[in-house]
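# Chain and residue survey
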Amino acid sequence: MEKTKVGVLGATGAVGQRFIQLLEGHPYFDVTELAASERSAGKPYREAVEGRWKLSADIPEYAREMVVKGCKADLDCELVFGALDSSVAGPIETAFAEAGYFVVSNSKNHRFDEDVPLMSAEVNPEHLKLLERQKTRGKIVTNSNCTIMGVTITLKPLLDKFGLEGVMLFSMQAISGAGYPGVPSMDIQGNVIPFIGGEEEKCEIEPLKVLGKLGEKGIENAPFKISSHCNRVPVYDGHTVCVSVKLKEKASVEEFKKAMAEFKGEPQKLKLPSAPERPIIVREEPDRPQPRLDLMEGKGMATTVGRVREDPLMDFKYVTLSHNTIRGAAGAAVLNAELMKARGLI
Ligand SMILES: NC(=O)c1ccc[n+]([C@@H]2O[C@H](COP(=O)([O-])OP(=O)(O)OC[C@H]3O[C@@H](n4cnc5c(N)ncnc54)[C@H](OP(=O)(O)O)[C@@H]3O)[C@@H](O)[C@H]2O)c1
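Scoring rules and cut-offs
Residues numbered from 1 in each chain as written. Predicted model: local features only at pLDDT ≥ 70, side-chain atom pairs only at ≥ 80, totals over all residues. Helix = DSSP H or I, 4+ residues; strand = E, 2+ residues; numbered from the N terminus. Buried ≥ 20, exposed ≤ 12 C-beta atoms within 10 Å, placed from the backbone. Pairing = 2+ DSSP bridges. Expected span 1.5 Å × (residues − 1). Bend = angle between axes of the 7 residues up to and from the residue.

## Some thoughts on the environment of aspartate 115
- Checked against the element boundaries, aspartate 115 lands in the loop between β4 (102–105) and β5 (118–119).
- Given 16 C-beta atoms within a 10 Å radius, aspartate 115 is considered partly exposed.

## Some words on the pairing of strand β13 (residues 303–310)
- When strand β12 (residues 280–282) meets β13, the two strands line up parallel, connected through three bridges. Bridging across to β13, isoleucine 280 finds its partner in threonine 303.
- Pairing of β13 with strand β14 (residues 316–322), which is carried by five bridges, proceeds in the antiparallel orientation. Along β14, the bridge assignment pairs glutamate 310 with phenylalanine 316.
- Between β13 and the antiparallel strand that follows it, β14, lie five residues.

## Observations concerning helix α11 (residues 326–342)
- Taking 1.5 Å of rise per residue, 17 residues should cover 24 Å, yet α11 covers just 20 Å from first to last C-alpha, more than 12% shy of that figure.
- Of all the bends in α11, the greatest measures close to 45° and is centred on alanine 332.
- Burial of α11 is extensive: 16 of the 17 residues sit out of reach of the surface.
- Just beyond α11, the residue with positive phi is glycine 344, at close to 80°.

Following this line, the structure appears as structure tokens:
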């Protein structure tokens, strides 16, 4: 398979750095361009991220001397991965799509455009059909918010097998979810912040589009309601979410767990390079999942579920953990692009 030339917009940020790491030696993609703000433009990548490279492994060799450019739609690539601050992402991504680039974005700006798929490769690969409705030469595909990415994957087999009537979420979100430098250390050390601007609204609406059906007129949202509480906690990486669900049909605890543990999607069938063998790992220990122990399951692409039990108010409750900058951002975008490549769309 011939490799596709790709660029990373917002290459210097928390999600951008993950892209740089995950795309090293990728079998489908060759990183030919890095772009960020005018503050970084003109510098070699290693200099642009000096003092703010936050991943435990070093900057990959291939990227160190690449010169960062501004986000103008004249880059030497076919596809751009988007990791831009949402205050600027909207018009930049539109400009790239108009200029003929595929844009695979993590930012919120285009998630609810009617002709833009809000993708989770295992959950709604059929939503890629929406691309045919986009009038631009290039096309935009988006990822959902990092908090609900793993949760939505767990809801998919439940919706398909038992139906869903309602979902309650309580999140404990890592500080890297706010980008760098993010929340001041004096605010988050030894503390919990029970407010993340705009997050609860995203958690209550985005899963409904991701889990929605592709109809004649576009996506028909999944027909249930979600209530969410979002909290920032002093964990570096990994969003933990306590979930309670009300089902349409009765299920036993064993059937409930089996539905999640056996779930596989198109990325697994196609054996895409970033697809975890199992999208959902169900653990039996009473004190798991924990960010420190379970975060890197499936190279950060699996969602770990634990504490599955009956709920006296809803039907069942459980805990999910997923990596916010891998499964919740860069890794999910790379998987979406792999799916597009495998389907011959790029
Ligand atoms: N962090 C997560 O876990 C996570 C998860 C899912 C989705 N997201 C979304 O992904 C996007 C990136 O998040 P992040 O956490 O990586 O943020 P971040 O660390 O603040 O990085 C933001 C990036 O945007 C660039 N940028 C800022 N202003 C710009 C401008 N005027 N023109 C061009 N580039 C500009 C920055 O470049 P400079 O370095 O040059 O300033 C940097 O590369 C956001 O939309 C966020 O909501 C984040």
